[in-house]
Every structure is written in structure tokens, then in C-alpha cells.
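Geometric and topological summary
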Amino acid sequence: MKQIIMCIGSMLVVMGCAEITQPEQEVVPSASDAAEQRPVARPTDATIRPPRGGRTIGQLDTTSAEEKRAAGDAGRAAQAGGAGRSLGRTIASLGDPARPGLWIETPLVSAPGRGRVVYPRNGKAVELDLIPIKGPRTAGSRMSLAALRVIEAPLTDLPEVEVYSE
């Protein structure tokens, strides 16, 4: 009896794993399924999302060259004009490479906003979104792939950057 229960349990585990590994498919409900409709996640902005399974920098960085150039120009202009308030320095690692846009998640801010990051090693700056994360001010930050590329920081390093709020 114990062997039968273990066999059935093993089969249930394998069947459960098979359910987990199946790719998600978007189901478009028909009018007759109105009672069972579920919301479908949709992008909240016009940002182009990276393709599923993207592996190269070119596939993952969907921020346009114009957007990066504009953010770099705005960052340099703000830096030259001394605009913004310094929030401090932080060590920045690469954030989620599949998440598009120009942003930094940092414990240096307590509310979302706009700001800029300067890479002191080469003086390059980028204007971006400041996104708060929990942790001590001395904790590290995560930057978007596009933002790291604008300031020309090595993607596999842990560059120290200066963060400014607008």
C-alpha cells in the first residue's frame, strides 16, 4: 500500500512539473466566457519590450538611439549647469536587462522621480527615472542596461556613480 501511495505521489509531482514548464499562452475569451474573463497584462507605455529569450545586448536594449542620445544630452546639460541636488554615490550593478527604459533603482531616494547619474570615471551623464528600493543608503543600486550604455560603464563591473535628483 505504501508503494502505491508513493507511486501516485510521484506521478502527481511529475504532472505538476509538467504544468509549470508549459509556456504561457494568451487566451482571448469569447463572449460566452464573459463570466470567466481574466485581465490580460498590457504594457503601460509605448516602450518596446525585448523579445522573449533575448540574449544579446542588441536584443535586450530596446531603447532607441535617439532616446539614449537625448537622455545623455539632457544629463550633460544638467551637469554643466550644476542642476539638481546630489543624493550621494552608489555602486550600480546591471538591473533586469529585459526591463526597458532609462532608470536606476536605488535606496538613495524615497519616492519615484526624475534625476541623473554621472559616471565619475569618464564624466558621462544620463537623465533617467529614479526608483526607490528598500535598504540602507549604503546598499547598492541597479541600473538599466540602456542607462549603463549611455554612460559607457562596463556592464560586467560594479561602477560607482553619483546620483542627482531634479
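Residues numbered from 1 in each chain as written. Predicted model: local features only at pLDDT ≥ 70, side-chain atom pairs only at ≥ 80, totals over all residues. Heavy atoms only, no water.

1. Points about the overall build of the protein
Let me state the cut-off plainly: Labels follow the DSSP assignment, with helices taken as runs of H or I lasting at least four residues and strands as runs of E lasting at least two, numbered in each case from the N terminus. Type-normalised accessible area, obtained with a 1.4 Å probe on protein chains alone, sets the label of each residue: buried when under 20%, exposed when over 50%, and partly exposed for intermediate values. Any pair of residues with heavy atoms lying within 4.5 Å of one another is described as a contacting pair. Values of accessible area rely on a 1.4 Å probe in the Shrake-Rupley scheme; residue burial ignores everything except the protein chains shown.
Secondary structure assignment for the protein yields 4 helices and 6 strands. Scanning the protein from its N terminus toward the C terminus, one meets helices and strands in the order α-α-α-β-β-β-β-β-α-β. The proportion of buried residues among the 166 residues of the protein is 31%. In the protein, of all internal contacts separated by at least 6 residues, the share reaching a separation of at least 24 is 73%. For the protein, the accessible area works out to roughly 11100 Å², and carbon and sulfur atoms hold 56% of it.

2. Quick notes on the packing of aromatic side chains
Going by this rule: Under the pairing criterion, centres of Phe, Tyr and Trp rings, with the six-membered ring standing for Trp, must be within 6.5 Å; the plane angle then separates stacked pairs below 30 degrees from edge-to-face pairs above 60, leaving the rest tilted. Counting as a charge over the ring demands two things of the Lys NZ or Arg CZ atom: a distance within 6 Å of the ring centre and an angle within 35 degrees of the ring normal.
A full pass over the atoms with the stated rule returns 0 aromatic pairs. Between Arg99 and the ring centre of Trp103, over which it is positioned, the NZ or CZ distance is 4.3 Å. Sitting above the plane of the Tyr164 ring, Arg116 keeps its charged end 4.0 Å from the centroid.

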